[in-house]
Amino acid sequence: MKELELKSAVTQIRNHLKYTWKMGVNCQLKYFPENLDILTFWMPLTAGSWCVIWKKATGLPAATSFKHVSPAGASIGLPLTETLAKIYWVEDMDWQNFSPLACAYARARGADRMSSFGDFISLSDVCDKDTALLIKREVSDGVIAPGYTEEALEVLKQKKKGNYNVIQIDPEYVPAPLEHKQVFGVTFEQGRQELAIDDELISNIVTENKELSEEAKRDMKVSLIILKYTQSNSVCYVKDGQAIGVGAGQQSRVHCTRLAGQKADNWFLRQSQKVLNLPFKESISRAERDNAIDVYIGDEYMDVLADGNWEKTFTEKPAVFTKEEKRAWLDQMTDVTLGSDAFFPFSDNIERAYKSGVKYIAQPGGSVRDADVIDTCNKYNIAMAFTGIRLFHH
């Protein structure tokens, strides 16, 4: 048994923290830094499980940006477009020659940059120099991967004055089939969540539209993998192999759908010419630009456009991005996939999803109002699969 003392992010109320794990032939982790706190350590353990499942399900390199043990963003390693390179703030790098893994992290980090600020990164493949250079410039707590090239390690050693958390996971490690958690003196025991995310899981199409492209199947599986590691209740919008909106930890299903849908809308609004051409001052950092854009495309845009405020961020005052202009732009967003970790109890979830371009849905089914939900999907020609399996994560 090996033991590691941990710091606490809430030392005022918790002052004795340690983590123990059994050491054997298949030791799970190495490259432990000395400055881990309990939350920073918890995230990579969650992320480590994700490393293994993603490659099995998609066969492609992938990356996830974790915050508070839930994914803020995740993606497979598809090439970037010029527009995505701009909104992900990598247009000043050699993005056209990024490795697939670097593309995956650029997408995972870039889709919801505000939520990903200070993330813990999970990589499905050996971290290469391209990916390390991208990680180096972002505010992040650490990274976990199956391995690191020597060049990548040299880059990561320079981050945080050598204190950046770099952890390696053994992808062949198989945890015990039973998990335990103790709460107020009671120990809970349950089997590990080992559900295979594959084509069979999404084969039960219950709507009139039963057409699923290969890209739609891929995005359904991507959404379900993300939900498997997201605090419930959760809903995830996916497009082109990447999460564009994650709604996590909400008590109401429709609030998850609205939250994730708003994030998906923001992702698409950032690609409009009105946002791409915002006249930022050169001195404004990437994080400050993210914050300004979030306000500019929201309902409280005057917080950044009012006289006395816009001068702090822009070289000239931008025009208001009107509600009508935003709606017209959002109406162009199509072929979005939505996944839900449990059934939709009411059809209002479908109504909201449709406004964000959703064309494909994967959810467990099992509500007493399934017929209403299916009817609403049929109204919008949405193809929906019932998986029959809830993916609650707590």
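Residues numbered from 1 in each chain as written. Predicted model: local features only at pLDDT ≥ 70, side-chain atom pairs only at ≥ 80, totals over all residues. Heavy atoms only, no water.

K.L.:
Let's hear about the overall build of the protein chain: which residues, and what values?
P.N.:
Check the secondary structure of the protein chain and you find 14 helices and 15 strands. By the burial criterion, 52% of the 394 residues in the protein chain qualify as buried. When the accessible area of the protein chain is evaluated, it comes to approximately 18,800 Å², of which 50% is carbon and sulfur surface. (Helix = DSSP H or I, 4+ residues; strand = E, 2+ residues; numbered from the N terminus. Buried < 20%, exposed > 50% of the residue type's maximum accessible area, 1.4 Å probe, protein only. Areas by Shrake-Rupley, 256 points an atom, 1.4 Å probe, with all protein chains shown as cover.)

K.L.:
Go over the environment of Phe268, please, and point to the residues and values.
P.N.:
Assignment of secondary structure puts Phe268 in helix α8 (residues 253–269). What Phe268 contacts, discounting residues up to four positions off in sequence, is Trp329, Leu330, Gln332 and Met333. (Contact = heavy atoms within 4.5 Å.)

K.L.:
Pulling in residues and values, what's your account of the nonpolar core?
P.N.:
As a rule of thumb, soluble globular proteins bury nonpolar side chains together. Membership of the largest hydrophobic core comes to 71 residues, with the highest contact counts inside it found for Phe98 and Tyr237. Broken down by element, the residue count for this core peaks at seven residues, all from helix α3 (residues 100–110). Look past the residues within four positions of Phe98 in its chain and what remains in contact with it is Leu80, Val90, Met93, Cys103, Ala106, Asp130 and Leu134. Listed in part, the 28 residues of the second largest apolar core include Ile197, Leu212, Cys236 and Ala362. (Core = buried A, V, L, I, M, F, W, Y, C linked by side-chain atoms within 4.5 Å.)

K.L.:
Describe a nonpolar patch on the surface, listing the residues and the values that go with them.
P.N.:
Side chains of Val183, Phe184, Val186 and Phe188 sit close together on the surface and give an oily, nonpolar patch of about 470 Å² of accessible area. In this structure, Phe188 sits in strand β10 (residues 186–191). (Patch = residues over 30% accessible without salt bridge, like charges linked within 9 Å, V, L, I, M, F, W, Y side chains within 5 Å. Salt bridge = Lys/Arg side-chain N within 4 Å of Asp/Glu carboxyl O.)

K.L.:
Help me get a handle on the pairing of strand β5 (residues 70–76), residues and values and all.
P.N.:
Summarising burial for β5: seven of the seven residues are buried, a large majority. Relative to β5, strand β4 (residues 62–67) is paired through six bridges, and the arrangement is antiparallel. If you follow Ala62 over to β5, its bridge partner there is Ile76. In this antiparallel pair of consecutive strands, β4 and β5, the connection spans two residues, and His68 shows a positive phi of 50°. (Pairing = 2+ DSSP bridges.)

K.L.:
So what about the packing of aromatic side chains? Which residues, and what values?
P.N.:
The tally for this structure, following the rule as stated, stands at five aromatic pairs. One aromatic cluster is present, built from ring pairs that chain together Trp267, Phe268 and Trp329. Above the face of the Trp89 ring, Arg289 is positioned so that its terminal group lies 5.5 Å from the ring centre. (Phe/Tyr/Trp six-rings, centres within 6.5 Å; stacked < 30°, edge-to-face > 60°. Lys NZ or Arg CZ within 6 Å of the ring centre and 35° of its normal.)

K.L.:
Go over the pattern of salt bridges, please, and point to the residues and values.
P.N.:
Two side chains that carry opposite charge are able to pair once their charged atoms sit near each other. Under the criterion given, the structure shown has 20 salt bridges. A salt bridge links Asp290 to Arg113; its shortest N-O distance comes to 2.8 Å. A residue pair is termed long-range when its members are at least 10 positions apart, and Asp290 in helix α10 (residues 286–296) and Arg113 in helix α4 (residues 113–116) qualify at 177 residues. Exposure remark for Asp290: the relative accessible area of 10% places this residue in the buried category. You can call Arg113 buried: its relative accessible area is 7%. Among the ionic contacts, a cluster of salt bridges with common partners joins Arg109, Arg113, Asp119, Glu138, Arg286 and Asp290.

K.L.:
Outline the packing of α8 against helix α12 (residues 323–330), listing residues and values.
P.N.:
The contact between α8 and α12 brings their axes to 10 Å, and the two run at 90°. Taken together, the axis directions place α8 and α12 in an arrangement best described as roughly perpendicular. Packed against α8, whose contacting residues are Asp265, Phe268 and Leu269, the element α12 presents Lys326, Trp329 and Leu330 at the interface. Looking at the contact of α8 with α12 residue by residue, the class counts come to four nonpolar, no polar and two charged. (Axes fitted to C-alpha atoms, helices over the stretch in contact; angles between N-to-C directions. Parallel < 35°, antiparallel > 145°, perpendicular 65-115°, else oblique. Nonpolar A, V, L, I, M, F, W, Y, C, P; charged D, E, K, R; others polar.)

K.L.:
Before we move on, can you summarise the pairing of β4 with the specific residues and values?
P.N.:
A regular strand places its side chains so that they alternate between the two faces of the sheet. Judged by how many residues are buried, β4 sits mostly within the fold: five of six residues are covered. Bridge analysis of β4 against strand β6 (residues 119–123) gives four bridges, and the strand direction is antiparallel. From the neighbouring strand, Ser65 faces β6, where its bridge partner is Ile121.

K.L.:
Run through unusual backbone geometry, naming residues and quoting values.
P.N.:
Of note in the backbone geometry, Trp89 takes a positive phi value of approximately 60° without being a glycine. By secondary structure assignment, the location of Trp89 is in the loop between α2 (82–87) and α3. Despite not being glycine, Lys160 shows a phi value in the positive range, around 55°. Mapping Lys160 onto the fold places it in the loop between α6 (150–156) and β8 (165–169).

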